[in-house]
Amino acid sequence: MLTRIDHIGIACRNLDETVEFYRATYGFEVFHTEVNEEQGVREAMLKINETSDGGASYLQLLEPTREDSTVGKWLAKNGEGVHHIAFGTADVDGDAAAVRDKGVRVLYDQPRIGSMGSRITFLHPKDCHGVLTELVTSAPAEQTEH
Ligand code: CMX
Ligand code: CO
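Definitions and limits used
Residues numbered from 1 in each chain as written. Chains lettered and ligands numbered in written order. Predicted model: local features only at pLDDT ≥ 70, side-chain atom pairs only at ≥ 80, totals over all residues. Heavy atoms only, no water. Near = heavy atom within 4 Å. Polar contact = N/O pair within 3.5 Å; in protein donor to acceptor, adjacent residues only side chain to side chain. Helix = DSSP H or I, 4+ residues; strand = E, 2+ residues; numbered from the N terminus. Nonpolar A, V, L, I, M, F, W, Y, C, P; charged D, E, K, R; others polar. Donors = N, O, S within 2.8 Å, 3.2 Å for Na, K, Ca; no water. Buried < 20%, exposed > 50% of the residue type's maximum accessible area, 1.4 Å probe, protein only. Contact = heavy atoms within 4.5 Å. Pairing = 2+ DSSP bridges. Salt bridge = Lys/Arg side-chain N within 4 Å of Asp/Glu carboxyl O. Arc of directions from axis to C-beta.

K.L.:
Mind showing me how you'd approach the site of ligand 1 here?
P.N.:
What surrounds ligand 1 is a group of 18 residues, the closest being Q39, H83, H84, K126 and E134. Q60 is positioned such that a nitrogen or oxygen atom in its side chain is 3.0 Å from an oxygen atom of ligand 1. Counting residues per element, the ones that place at least two in the shell around ligand 1 are α2 (70-78), β5 (81-89) and β7 (119-123). Considered class by class, the residues forming the shell around ligand 1 number eight nonpolar, six polar and four charged.

K.L.:
Whenever I open this one, the coordination of the cobalt ion (ligand 2) confuses me. Can you help?
P.N.:
Each protein donor to the cobalt ion (ligand 2) is listed here as H7 (NE2), Q60 (OE1), H84 (NE2) and E134 (OE); together their distances run 2.0 to 2.2 Å. Between consecutive donors of the cobalt ion (ligand 2), the numbers of intervening residues give the motif H-x52-Q-x23-H-x49-E. Taken together, the positions of H7 in strand β1 (residues 2-11) and Q60 in strand β4 (residues 56-64) put the pair 53 residues apart, joining distant regions of the chain. Using a relative accessible area of 5% as the deciding quantity, one classes Q60 as buried.

K.L.:
I tried to follow the side chain of T51 on my own but got confused; where do I start?
P.N.:
For T51, the position within the fold is in the loop between β3 (41-50) and β4. For T51, a relative accessible area of 19% puts it in the buried group. Within polar-contact distance, the side chain of T51 engages the backbone nitrogen of A56 at 3.3 Å. If near-sequence neighbours (up to four positions away) are discounted, T51 is found in contact with R4, A56 and S57.

K.L.:
Would you mind going over the pairing of β5 with me for this structure?
P.N.:
Each regular strand carries side chains that alternate between the two faces of the sheet. Direction of pairing for β1 relative to β5: antiparallel, over a ladder of eight bridges. Looking at β5, one finds that I10 is bridged to V82. Where β5 and strand β8 (residues 133-137) come together, four bridges link them in parallel fashion. When the sheet's bridge partners are listed, G88 is paired in β8 with V136.

K.L.:
In this structure, what is going on with the environment of A98? I would like to understand it.
P.N.:
Along the chain, A98 falls in helix α3 (residues 92-101). C-alpha separation for the pair A98 and I5, spaced 93 residues apart in sequence, amounts to 18 Å.

K.L.:
Mind showing me how you'd approach the pattern of salt bridges here?
P.N.:
Here the structure, examined in full by the defined rule, presents 11 salt bridges. A salt bridge links E38 to R112, with the shortest nitrogen-to-oxygen separation between them at 3.9 Å. With E38 in the loop between β2 (30-36) and β3 and R112 in strand β6 (residues 112-113), this pair connects stretches of sequence that are 74 residues apart. By relative accessible area, R112 is classed as partly exposed at 34%. With a shortest N-O distance of 3.4 Å, D68 and R66 are connected by a salt bridge.

K.L.:
I'm lost on the sheet that holds β7 in this one. Help?
P.N.:
Within a sheet, neighbouring strands are paired by backbone hydrogen bonds and run either parallel or antiparallel to one another. An order of β2-β3-β4-β1-β5-β8-β7-β6 is seen for the eight strands of this open sheet, with the pairing classed as mixed. Among the strands making up the open sheet, the edge pair consists of β2 and β6. Relative to β7, β6 is paired through two bridges, and the arrangement is antiparallel. The residue of β7 that forms the bridge with I113 is R119.

K.L.:
What is the right way to read α3 from this model?
P.N.:
An α-helical segment advances 3.6 residues per turn. Residues three or four places apart therefore align on the same side. Listed in full, the buried residues belonging to α3 are V92, D95 and A96. End-on, the buried residues of α3 take up no more than an arc of 100°, which puts them together on one face. Buried residues along α3 sit in contact with β1, β5, β7 and β8. At the C-terminal side of α3, G103 shows a positive phi close to 95°.

Pasting the structure below:
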């Protein structure tokens, strides 16, 4: 069951400048940063609020590590902006299988590793009314990580 908005993914050209915009404008602080080479991103997670399912909602600021990555290609075509939305679930495997059964293309056969050791998969935007949609199961230790 999808129980929260886990994050909104925002593509940017310069992560440090974008982090500073969110800090100076809204007071949002960086909760976690990492490089995910498989996804081709350097990212910052800004925690917005905790959620009633024991998780949290974040902004995920994404800078491509290479031009031919998914975010690099998307930036070249669209410029900066909202790239995807992610729903949180305790069971990414089960929820991915359930949406696949409904005819939605799930991009990975098995979930891959996302932010903070989470397990993630993506649904094709063309099957989701134009929204690239991610499903996320957080790592158990997420809430204590920095
Ligand atoms: N949101 C909405 N539509 C999108 C989109 C997005 N983010 N990215 C691509 N599309 C649309 C394009 O506009 C295009 O539509 P048209 O044919 O009408 O022009 C169509 O999908 C195909 O787009 P493309 O530019 O040819 O891109 P690809 O097919 O090569 O890749 C996708 C699209 C979804 C398969 C790829 O972005 C993907 O694999 N995404 C999942 C991984 C990912 O996004 N990783 C980065 C984030 C990591 C994280 O969140 O941790
Ligand atoms: Co994401």
